[in-house]
Each structure stands twice: as C-alpha cells, then as structure tokens.
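# Fold and geometry: a report
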Amino acid sequence: MIRVLYPGSFDPITKGHMNIINQACDMFDEVVVAILVNPGKKNYMFNIDEREEIIKELYKNNPKVKVVKGNVAAVDTALNEDCVAIVRGLRGLSDYDFEVQLAKVNRDISDGKINTVCLFADEEYQFISSSMVKEVFKIDKDISKYVDKSVHEKMKMLRK
Ligand code: ADP
C-alpha cells in the first residue's frame, strides 16, 4: 500500500491541482490531500473548513483520495498519515529552487523517511494558480477553464 501526501493551501483548488491529484492516483494506492496553514499567506478566500468541504465533495466518489487539514508541517503530516512521499506540482523554473530546498530539508528532518515526488500538470493546466484564479474572478472574467464548476459556484456564493 503506497500512500503519498499532497499538501497545499488549495485556496481554492484549481484544475491544475486536480490534474496533479489524478496523476498521483494513477501512480499510487492512496493520495492524502492535506490542506495546511501556510504561514506566508494571510488573506484566504475560503477558510480551512470550507476548503476541506469543497475538496471532499469533489472526490467523494474516489476511494483513493483522502482529505485532511491542520496546522501541522507537511513532513509531520506525511509521517502521521503513513505516507512515503510528498507530492509537489511544478509549474515552471520559478517553483524549482524552492521545491529542491524543501525536498532536501524534508528528507533530512524525517531521517530519510519522507521523499518528494515532483509532477508536472498537463500543458493546459500548467500555469493555473489559485492566486491567478482569484484575480481573474475579481475582475469578473470567466474562470470556468481553471476551476471545477462546483468551486466556481462556491466562489460566486461568497459574493452574495
Ligand atoms: P502552497 O501554499 O504550498 O503554494 P498551493 O495550494 O498553491 O499551495 O499548491 C499546492 C501544490 O500544488 C504546490 O506544489 C504547487 O506548486 C502545486 N500546483 C499548484 N498549481 C499547479 C499547477 N497548475 N500545475 C502544477 N502544480 C501546481
């Protein structure tokens, strides 16, 4: 049973994230999506419970996806959830330096237990980011290419 952790803020989950989750599901037995508090981010669109609800709803029919949340480091969440690796999605070179550092530190502080697997989204999803989606939404443009319909609906509800 090979289980991996896919940590992130997912504010909101995009089709880029979903593409990475699908790829991980094809490769591993279970994918634990972990909604973690990123100390560098302050202005969330959805609170952590809302983000959990959105992702659980999206994957309710996929037994390979488990959703957890918390204010715990990704490496500790991976250890607690019996994961062998952390999955990260790389969008481009700009993500690379940071991810290499993170991967090395996480391997180090877990005594070699937690490795990192980097995946690349399919081309049409590669450059989607949660922050870009929020900006495009703010100026009232169509975001249906970037997020699932249910996520779009939840975003629209915030406006009411
Ligand atoms: P974080 O707060 O850790 O940046 P995100 O929710 O923004 O969390 O992203 C979680 C993970 O998904 C990160 O590894 C990020 O690089 C990856 N990711 C996000 N969008 C994409 C995308 N379009 N293609 C590939 N990877 C992505």
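All of the points below concern the structure found in this document. (Residues numbered from 1 in each chain as written. Predicted model: local features only at pLDDT ≥ 70, side-chain atom pairs only at ≥ 80, totals over all residues. Heavy atoms only, no water.)

### Some words on the overall build of the chain
Per the secondary structure count, the chain includes six helices and five strands. Moving toward the C terminus, one meets the helices and strands of the chain in the order β-α-β-α-β-α-β-α-β-α-α. For 160 residues, the compact-globule estimate of 2.2 N^0.38 gives 15 Å, and the chain sits close to it at 15 Å. In terms of overall dimensions, the chain has C-alpha extents of about 50 × 35 × 30 Å along its principal axes. In the chain, which comprises 160 residues, the proportion classed as buried is 42%. Relative to all contacts within the chain whose residues are 6 or more apart in sequence, the contacts with residues 24 or more apart total 74%. When the accessible surface of the chain is summed, it comes to about 9,400 Å², and 50% of that surface belongs to carbon and sulfur atoms. (Helix = DSSP H or I, 4+ residues; strand = E, 2+ residues; numbered from the N terminus. Rg over C-alpha atoms; globule rule 2.2 N^0.38 Å. Buried < 20%, exposed > 50% of the residue type's maximum accessible area, 1.4 Å probe, protein only. Contact = heavy atoms within 4.5 Å. Areas by Shrake-Rupley, 256 points an atom, 1.4 Å probe, with all protein chains shown as cover.)

### Describing helix 4 (residues 93-109)
Helix length check: helix 4 (17 residues) gives 25 Å between terminal C-alpha atoms against 24 Å at 1.5 Å per residue, within 8%. Every buried residue belonging to helix 4 is among Asp95, Glu99 and Asn106, and all of these are buried. Looking at the buried side of helix 4, the elements it contacts are helix 3 (74-80) and strand 4 (85-90). Of the residues flanking the end of helix 4, it is Asp111, one or two places downstream, whose phi is positive at about 55°. (Expected span 1.5 Å × (residues − 1).)

### A few points about helix 2 (residues 48-58)
If you check which residues of helix 2 are buried, you get Arg51, Glu52, Ile54 and Ile55. Summarising the axial view, the buried residues of helix 2 lie within an arc of 165°, below the 170-degree limit, and thus occupy one face. The N-cap of helix 2, judged by a side-chain oxygen 3.0 Å from the amide nitrogen of Asp49 a few residues on, is Asn47. (Arc of directions from axis to C-beta. Polar contact = N/O pair within 3.5 Å; in protein donor to acceptor, adjacent residues only side chain to side chain.)

### Observations regarding the site of the ligand
Inspection of the region around the ligand gives 19 residues, with Tyr6, Ser9, Gly89, Tyr125 and Ile128 positioned closest. One of the backbone nitrogen or oxygen atoms of Phe10 is found 2.9 Å away from an oxygen atom of the ligand. Taking Gly89, its main chain carries an N or O atom lying 2.6 Å from an oxygen atom of the ligand. Here the ligand has 550 Å² of accessible area as a free molecule, and 91% of this is covered by the chains. Cavity membership is defined here by more than half of the atoms lying within 2 Å of grid points; on that basis the ligand lies in the largest pocket. (Near = heavy atom within 4 Å. 1 Å grid on protein atoms, 1.4 Å probe; cavity = no way out; pocket = protein on both sides within 12 Å on 5 of 7 lines; lining within 4 Å. Sits in = over half its atoms within 2 Å of the grid points.)

### Side note on the packing of helix 2 against helix 6 (residues 149-158)
Packing of helix 2 against helix 6 brings their axes to within 10 Å, and their N-to-C directions diverge by 155°. Regarding the angle of helix 2 to helix 6, the classification is roughly antiparallel. When the axes of helix 2 and helix 6 are compared, the crossing they make is right-handed. Mapping the contact onto sequence places Glu53, Ile54 and Leu58 in helix 2 and Ser150, Val151 and Lys154 in helix 6. Taken together, the residues that form the contact of helix 2 with helix 6 break down as three nonpolar, one polar and two charged. (Axes fitted to C-alpha atoms, helices over the stretch in contact; angles between N-to-C directions. Parallel < 35°, antiparallel > 145°, perpendicular 65-115°, else oblique. Left-handed = near helix turned anticlockwise from the far one by under 90°. Nonpolar A, V, L, I, M, F, W, Y, C, P; charged D, E, K, R; others polar.)

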